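# Structure at a glance
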Amino acid sequence: MSIQASEKKMWDGRFESGMAPSMIDLSFSLHVDQALIEEDIAGSLAHGKGLVESGVFSAEEYEKIAVALRGILEDYRAGKALWQAGDEDVHMAVERLLTERVGDLGKKIHTGRSRNDQVATDFKLYMRRRAAEIKNLVLELQTEILKLAETHFGKLMPGYTHVQQAQPILFSHYLMSFFFVLSRDVKRFQNFLEIHNELPLGSGAMAGSAFPYQRNLVAEELGFAFPSANSIDAVSHRDMALEFTSNLAIIASTLSRYAEDLVNWSTSEFGFVTLSDAFSSGSSMMPQKKNPDSMELIRGKSGRMLGNFTALFTLVKGAPLSYSRDLQEDKEPVFDSVRTVKVCLQVMKEALATARWNFETMERKMLPALLATDLADFLVESGVPFRNAHHIVGSLVGEAAKQGREFTELSDEVWEKTGVPNPKAVKAKLTFEYSVGKRNIEGGTGPDSVKQQFEKAKALLKKN
Ligand code: ARG
């Protein structure tokens, strides 16, 4: 079979022909990795500076290189057409552009560098920058949640387990659960930035560069804390990307759970919330419909974010050390997860801020059975062992269910016979407010506790 091969490449000294078109389709990655251009240029600027110390560039030569690199970035930002059909990836494309602009000097930028340590550096830099941005989006969402919780402090709603009404809670208590789970995402990012702070540049293809420069200075230039300790480790491993996509998938799954509740709450069956038009959509056929698409999409997107994590894990698990081309496939899942989580965080924040909360409906839908635990607790306070109290209240609820009534509607005689002394007084005492007010334990739904949660939340936000 004869194949029409393409033109030769920058690395083609030992090759007799170029790549087959099918191979180009398989291997070229510019369409994906051009997203790394900011980091690639930052990396080349720092590496070039290092090369002055190695004696590869004079200070004036480096200045020329730096001006050209910055010019390429400016042109990219201005939307100028930079790419050519023969550009394999962003790294080769930038080097070609540099060489076109400064001549042979541009051909020196890759001294002591391999795309292996270059791409590892770009990618790490990219993830560090995006982690900081996403952390800020999480903080913005938390700020919105806290604001809502404070604004609507005191409103009651049914709390659920198994999607069955469980116990009365403050609406703010529910919201603060969202705040606190997100605070661990913020911590995960802080930890992530602390762990993955080593510069790969200087590692070369895998054995280390033969053109020494003070790697700590290049590291500092790029915002890394240290040079990597081992060149094989630096070019081989993608644990940072695994951790990143994992962190993002965790955020996505959290958003998905709250989105799921909001989907349910916006049904006519619940009626707890009305999403604003801006975060809903209509049906192409049924004129009456207003659907909670924003929340359904957030729920749906979490699937692909877990998929991205899984794809990456599967990619690296069998890749032999040090670098293998498989690793080029590490970027799409990360880029996709970044894009996806950012839009989901933004939409969740805006949808919450613009939603109408129907507190009357929440309260109207609260069933007296929410107070069953409180009655049992009340009996315990008057000396009945908890298991017996549980049984007494259980039989009241069972009897009421048989009659198709609420347990609070059973007569005082029935209550007394079943084991509740002073039923009239007890019934008067058992209210949703009473139930909530009994739970001022740290972390509980009691009003004092929820206020304490606000203070804790403010302290957390202040720390960041
Ligand atoms: N585009 C490639 C990547 O992202 C660059 C590395 C190529 N390295 C190599 N040794 N062929 O992984």
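Preceding this paragraph is the structure being described.
These numbers come from a predicted model, not from an experiment.

The rules behind these values
- Residues numbered from 1 in each chain as written.
- Predicted model: local features only at pLDDT ≥ 70, side-chain atom pairs only at ≥ 80, totals over all residues.
- Heavy atoms only, no water.
- Helix = DSSP H or I, 4+ residues; strand = E, 2+ residues; numbered from the N terminus.
- Polar contact = N/O pair within 3.5 Å; in protein donor to acceptor, adjacent residues only side chain to side chain.
- Contact = heavy atoms within 4.5 Å.
- Near = heavy atom within 4 Å.
- Areas by Shrake-Rupley, 256 points an atom, 1.4 Å probe, with all protein chains shown as cover.
- Nonpolar A, V, L, I, M, F, W, Y, C, P; charged D, E, K, R; others polar.
- Pairing = 2+ DSSP bridges.
- Expected span 1.5 Å × (residues − 1).
- Buried < 20%, exposed > 50% of the residue type's maximum accessible area, 1.4 Å probe, protein only.
- Axes fitted to C-alpha atoms, helices over the stretch in contact; angles between N-to-C directions.
- Parallel < 35°, antiparallel > 145°, perpendicular 65-115°, else oblique.
- Left-handed = near helix turned anticlockwise from the far one by under 90°.

What follows covers the side chain of Ser-29. Along the chain, the position of Ser-29 falls in the loop between α1 (21-27) and α2 (30-33). Engagement of the side chain of Ser-29 in a polar contact is seen with the side chain of Asp-33, the distance being 2.5 Å. Once residues within four sequence positions are removed from consideration, Ser-29 is found in contact with Glu-88, Asp-89 and Gln-328.

Here the focus is the site of the ligand. Every residue close to the ligand is listed here: Ser-29, Asp-33, Asp-89, Arg-115, Asn-116, Val-119, Tyr-323, Gln-328 and Lys-331. Residue Asn-116 places a side-chain N or O atom 3.2 Å away from a nitrogen atom belonging to the ligand. Between an oxygen atom of the ligand and a side-chain N or O atom of Tyr-323, the distance comes to 2.4 Å. Expressed as a share of its isolated accessible area of 350 Å², the protein-covered part of the ligand is 84%. In terms of residues, the shell around the ligand owes the most to one element, helix α6 (residues 115-151), which gives three residues. For the shell around the ligand, the per-class residue count stands at two nonpolar, three polar and four charged.

This brings us to the pairing of strand β1 (residues 156-161). With six bridges joining them, β1 and strand β2 (residues 164-170) adopt antiparallel strand pairing. Bridged to Gly-159 within β2 is Gln-167. Taking the residues between adjacent antiparallel strands as the criterion, β1 and β2 are bridged by two residues, where His-162 takes a positive phi near 55 degrees.

Here we come to helix α5 (residues 90-102). An ideal rise of 1.5 Å per residue puts 18 Å on 13 residues; α5 measures up with 18 Å between its terminal C-alpha atoms. Among the 13 residues that make up α5, 11 are buried, leaving the element largely enclosed by the rest of the structure. Looking at α5, one finds that the buried residues are Val-90, His-91, Met-92, Ala-93, Val-94, Glu-95, Arg-96, Leu-97, Leu-98, Thr-99 and Val-102. In this fold, the buried residues of α5 make contact with α2, α3 (37-53), α4 (59-77) and α6. One or two residues past the end of α5 sits Gly-103, with phi positive at roughly 70 degrees.

Two numbers describe how helix α11 (residues 293-317) lies on helix α12 (residues 331-354): the axes approach to 10 Å, and their chain directions differ by 155 degrees. Relative to α12, the element α11 lies roughly antiparallel. Crossing geometry of α11 relative to α12 is assigned as left-handed. On α12, the residues touching Ser-294, Met-295, Ile-298, Lys-301, Arg-304, Met-305, Asn-308 and Leu-312 of α11 are Pro-333, Val-334, Asp-336, Ser-337, Thr-340, Val-341, Cys-344, Val-347, Met-348 and Ala-351. Partitioning the contact of α11 with α12 into residue classes produces 11 nonpolar, four polar and three charged.

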